[in-house]
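Tertiary structure, described
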Amino acid sequence: MRKTTFFLLAGYLCFTACSSDNIKTLHPESEPTDSISQPALEGYASPNGILILNGGARMLENGSLSYIAPDGTVETNVYKKVNGTELGNQADALYRHGNKLYILCDDYLNLDEVPQGDGLLIIADAETMRKEKAYPREMMTFARPEGCLQENERLEVEANLSNIIVLDEHNVFITDAQAAYRFDSTTDELHLIEGSYALGNQGVTIESIISPNGMMAIDGHIYAGAGGFWSETKLVEFSKDSNQINRTLALGKGNLISGLCLLDDGTLIAATYTRGNNVTYLYYIDLESWDIAKETEIRTTISPDYFNTASSSIFSYKNNIYFPESETRISRLSADNGKIEPYIDIRKDAPNANGFDCMTIDAQNGKLYISTHSECFENVIPQSNVLIYDLNSDSPQATRCISDITHYATGIYPM
């Protein structure tokens, strides 16, 4: 089920790279003035705990949350158990900021067989999972932009929601197939971000140029790739309290975004590709000087096409780059010799796996988390596995395989 073909009973594949409170800091010795000084959290936000967001087989069920406690105990349907209600239909992304969880759902289908969920955007206490605010789809509207037919008409956000990043309660950034938005949860105002879209079909449609793949927050700003039919490939920066793109950096080669990742020294890597061309371009970007420090070309296509979430398709640990080589294999670009090495075949550890749901690397401890599925249809609940690998070992071995706690997971979030 590709999200662009919502009403086809076809399989969807997804691959998500996210971390809890995914705000990275380039200069940890000098904490940013806008960062939050946080005590260690407890409960579902305890360090070394893992939250897994399940998109769900959307014709049969809503989204849900699973939890792996620091002691390894597993709990499913966490949100429903705590609140007595369910997440919205097709859960897309989650973000922890401080002691709050922000959960994004399409919340588009209203099926007689599926209970009504709590909405499109849900804010919950990160420690207890108790719901604090919930916004149904009809509340998330914005004015058509200037130059569009029927200017200022109120529109709902798209049914194809993709990513969410939170800088503070006034700056909740959301992406979908139309554009990027800034939502203020204190005033309930949703702002369309200028520069994040193009007007197509003579002003009838709003088409996003922002790729949600690998969006990340660094030092109080948000970075995303952009490009495609309407725009050349580039890196864009969003800032607090602004409804415009703050600055852009042209990338040049490749017309689609593979993803973003951050190296240990604070260098941001943006990867691009062209569909049908067996090559990927890696741009090493110095964010302080806003320059491309290095550009390399590798002879393989690193594409998010295997997957269907707001994921990056590149991940970094100790400056090695990990990426999907096929529907069931992970490869690594070595930082030592620059060569591509086959790294993990998930079928060796999960023989029933026929594809990825999602993946993330916890750079704090070198753990790689992968969710798999046996089949992928919106009206089928598949067999699934969560595989955990230790990237610090000489050869990757699954340290744990947990069966059937995910239903088309859209994100794995180390706390």
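Residues numbered from 1 in each chain as written. Predicted model: local features only at pLDDT ≥ 70, side-chain atom pairs only at ≥ 80, totals over all residues. Heavy atoms only, no water.

- The protein is annotated in an unreviewed UniProt entry as 6-bladed beta-propeller of Phocaeicola intestinalis.

**Some remarks on the packing of aromatic side chains**
- According to the stated counting rule, one finds 6 aromatic pairs in the structure shown.
- Ring geometry for phenylalanine 173 against phenylalanine 238: centres 6.0 Å apart, planes inclined by 40°, an arrangement best described as tilted. Pair noted here: phenylalanine 173 is in strand E12 (residues 171-176) and phenylalanine 238 is in strand E19 (residues 231-239), with a separation of 65 residues, a long-range link. Residues phenylalanine 173 and phenylalanine 238 agree in their burial class; the two are buried.
- Where tyrosine 322 meets tyrosine 343, the ring centres are 5.3 Å apart and the plane angle is 70°; that geometry is what we call edge-to-face. A residue pair is termed long-range when its members are at least 10 positions apart, and tyrosine 322 in strand E26 (residues 320-324) and tyrosine 343 in strand E28 (residues 340-345) qualify at 21 residues.
- A relative accessible area of 13% places tyrosine 343 in the buried class. (Phe/Tyr/Trp six-rings, centres within 6.5 Å; stacked < 30°, edge-to-face > 60°. Helix = DSSP H or I, 4+ residues; strand = E, 2+ residues; numbered from the N terminus. Buried < 20%, exposed > 50% of the residue type's maximum accessible area, 1.4 Å probe, protein only.)

**Observations regarding the nonpolar core**
- In terms of nonpolar packing, the biggest core is built from 62 residues, with Leu65, Met140, Ile164 and Phe238 touching the most fellow members.
- Apart from residues no more than four positions distant in its own chain, isoleucine 164 is found in contact with Ala93, Leu94, Tyr95, Tyr102, Leu104, Leu121, Val172, Phe173 and Ile174.
- Judged by nonpolar contacts, the second largest core, of 17 residues, contains Ile344, Ile346, Ala350 and Ile370. (Core = buried A, V, L, I, M, F, W, Y, C linked by side-chain atoms within 4.5 Å. Contact = heavy atoms within 4.5 Å.)

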